[in-house]
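# Structural overview for review
Letter by letter, the chains look like this.
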Amino acid sequence: MTRREPETRLSPSGIPIKTVYRPEDTALEYARDLADPGSWPYTRGVQASMYRGRLWTMRQYAGFGSAAGTNERFRFLLSAGQTGLSVAFDLPTQMGLDSDSPRSAGEVGRAGVAIDSVEDMHVLLDSIPLDEVSTSMTINATAATLLAMYIVVAEERGIPRDRISGTIQNDILKEYIARGTYIYPPGPSMSLIADTFRFCAAEVPNWNPISISGYHIREAGATAVQELAFTLANTIEYVKRAIKSGLEVDSFAPRLSFFFAAHSDLFEEVAKFRAARRMYARIMRERFGASDASCRLRFHTQTGGVTLTAQQPLNNVVRVTVQALAATLGGTQSLHTNGYDEALALPTAEAATLALRTQQIVAFESGAANTADPLAGSYYVERLTSELEARASDLIARVDALGGSEAAIAAGFFQEEIARSAYEHQLRIEGGETVIVGVNSYTDEAEPLSIPAPDYSALERAQVESVARVRTARDAGAVSAALGALDDAVLRDAATPIMPLIIDAVRARATVEEISRTFGARWGFYQPPL
């Protein structure tokens, strides 16, 4: 009887998977390609002892319409053992609009917390020790303004700038590629980012001025290879722009941070994180002459939002657990685990608690934190790591040939590549080639979960009244003077410091939209190519 050859299997990125891997499949030199954790090229981790020295930060993402409601959830999560904050902002805040703007109607507080002025930020952070807890803010086009608000809140509480820590996402390139919450054209947007680099290096030494995001690229339909390649291509563009603005690479690169997705193919995801560290170390040393301290890729991970299903939502608990394991086995520095009900609504307190408990069980019961890079030496994982590196490097070379990320965005390269991958993935789901349990396989007729939604109309009315009170109570002359000084600075060359003037405007109680309009009046507003 003839033995039947097993069918061809591919990873989600299209990498052929062999039935068995052997030593000859790796072809690695330990010192050159792996090395011990904490040693260049950091394939095995950025710290020598990894989680034996310090666990990853458990940083659950939250934003619940009002600043008061979000503050309540933050304090609840901190009491449950969370070790860092992560803020989701509503769409108007992300787009530089106040809650009373006609364009904000129907969107206030729906995708996260509404922040119009520093008074809202005070409420958001009430009773939270800002000199002890680090805060990540998922904000991009208005990142400089929200950072200024955070700084002013700290200072008005008597906490100096050098005592606060956290991250602003501030990654505008991926907004043009995948997410869409851009405001200004790429050129001035990149200049503003370079200014935040300069400011943070000098004034807020424990703050990461950017979190270069592969997560949203992956959420838009990219493969793991594309997530890796496009994130690092954007990194190259940011580093080049910062150096062009007059910064030495080692003055800002140690504070660069990253944000990746974790999906459900455990081994490909672990390999992706390992490849990311090795590729970044080589890029920073070979292209920019960076020191070893500037070659350590530190990253936050969020479990895959697009992998969550509304059908049989309790299955998402299992998906999130696998993804959390991928992140921790891959050496993440901080982690958000999604609630099982997030495909239906904002997560309930029960779902958010279970998501946090998932991290705690992985940390303290699974053994995953007992040794650094526990999957190192697996023939399969090492080959996957090398395959991902090779394929992602080829994609980066294509971006280089187009003139870098900014030129590739203008040419539609990233967008077309991601759209093709997303389409092909959907075809595989609809054809049954890719199994999604509870969606196209093992289905049932169970009723979907019913989750009550907040009264967004009442929330919007309250927020509109709140911003009106701020405008009535503030010194209008001080606001006008601060915005005028900001406008004068924007008219000058790109080397003029902007962040101190944004802080002055925030301190005078200028709103998010007033600051954004000041920039937009001089820079214009971005229109994507047709």
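Residues numbered from 1 in each chain as written. Predicted model: local features only at pLDDT ≥ 70, side-chain atom pairs only at ≥ 80, totals over all residues. Heavy atoms only, no water.

### A short note on the nonpolar core
The condition is simple: By nonpolar core we mean a set of buried residues, namely Ala, Val, Leu, Ile, Met, Phe, Trp, Tyr and Cys, connected to one another through side-chain atoms within 4.5 Å. With a 1.4 Å probe rolled over the protein chains alone, any residue whose accessible area is under 20% of its type maximum counts as buried; one over 50% counts as exposed, and the rest are partly exposed. We call two residues contacting when some pair of their heavy atoms lies within 4.5 Å.
Ranked by internal contacts, the top residues of the largest apolar core, which has 137 residues, are M137 and I502. I502 has contacts with A144, T145, A148, L192, L486, I515 and F519, leaving out every residue within four places of it along the chain.

### Regarding the pairing of strand β9 (residues 256-262)
Note the cut-off: Segments assigned H or I by DSSP are reported as helices when at least four residues long, segments assigned E as strands when at least two residues long, and all are numbered from the N terminus. Between any two strands, pairing holds if DSSP finds at least two bridges. Crossover handedness is defined by viewing with both strands directed away from the observer: a clockwise path from the first strand over the helix to the second marks the crossover as right-handed.
Taking burial as the measure, the 7 residues of β9 include 7 buried ones, the bulk of the element. Burial along β9 is two-sided: L256, F258, F260 and A262 facing one way and S257, F259 and A261 facing the other are all buried. Examined bridge by bridge, β9 and strand β10 (residues 299-303) share 5 bridges and lie parallel to one another. Bridge pairing in β10 links F258 to F299. Each parallel crossover has a hand, and for β9 linked through helix α11 (residues 266-288) to β10 it is right-handed.

### A closer look at the packing of helix α2 (residues 67-79) against helix α13 (residues 349-364)
We count it as follows: The axes used here are C-alpha line fits, helices contributing only the stretch in contact, and every angle between their N-to-C directions lies in the interval 0 to 180 degrees. By definition, turning the near helix anticlockwise from the far helix through less than a right angle yields a left-handed crossing, and turning it clockwise yields a right-handed one. Each residue is assigned to one of three groups, with Ala, Val, Leu, Ile, Met, Phe, Trp, Tyr, Cys and Pro labelled nonpolar, Asp, Glu, Lys and Arg labelled charged, and all others, Gly among them, labelled polar.
Between α2 and α13, the shortest axis-to-axis distance is 11 Å and the interhelical angle comes to 40°. In this structure, the crossing between α2 and α13 has a hand that is right-handed. Seen from α2, the contacting residues are R73, F76 and L77; seen from α13, they are A349, A352, T353 and L356. Broken down by class, the residue content of the contact of α2 with α13 amounts to 5 nonpolar, 1 polar and 1 charged.

### Describing the packing of aromatic side chains
Quick reminder of the rule: Each Phe, Tyr or Trp ring (for Trp, its six-membered ring) is paired with any other whose centre lies within 6.5 Å, and the angle between the two planes then decides the class: stacked below 30 degrees, edge-to-face above 60, tilted in between. By definition, being over a ring means that NZ of Lys or CZ of Arg is both within 6 Å of the ring centre and within 35 degrees of the ring normal.
The tally for this structure, following the rule as stated, stands at 20 aromatic pairs. Taken together, a centroid distance of 4.8 Å and an interplanar angle of 75° make the contact between Y51 and W56 edge-to-face. Accessibility assignment for this pair places Y51 and W56 in one class, buried. Residues F519 and W523 carry aromatic rings whose centres are separated by 4.7 Å and whose planes lie at 10° to one another, so their mutual orientation is stacked. With a gap of 4 residues between them, F519 and W523 both fall in helix α20 (residues 512-523), about one helical turn apart. Among the residues examined, F519 registers a relative accessible area of 2% and is labelled buried. One aromatic cluster is present, formed by F258, F260, F273, Y280 and F299 through successive ring pairs. Looking at K18, its charged tip hangs above the ring of Y21, at a distance of 5.6 Å from the centre.

### A look at the sheet that holds strand β7 (residues 207-208)
Spatially, β7-β6-β5-β4-β3-β11-β10-β9-β8 is the arrangement adopted by the 9 strands of the open sheet, whose pairing is parallel. Two strands in the sheet have a free side with no partner beyond their single neighbour: β7 and β8 (210-213). The pairing of strand β3 (residues 57-62) with strand β11 (residues 334-336) spans 2 bridges and is classified as parallel. Its bridge partner being in β11, M58 is matched across the sheet by L335. Along the sheet face, helix α5 (residues 143-156) touches β5 (135-138), β6 (166-168) and β7 and points at about 150° away from the line of β5. Helix-sheet contacts for helix α12 (residues 315-329) involve β9, β10 and β11, and the interaxial angle to β10 is about 165°.

### Comments concerning unusual backbone geometry
Looking along the chain, the bond that leaves W40 and enters P41 is cis, with omega of 10°. Structurally, P41 can be placed in the loop between α1 (30-34) and β3. Positive phi, normally seen in glycine, also occurs at Y42, with a value near 65°. Positionally, Y42 belongs in the loop between α1 and β3. Of note, the phi angle at Q312 is positive, near 45°, even though the residue is not glycine. You can see Q312 is positioned in the loop between β10 and α12.

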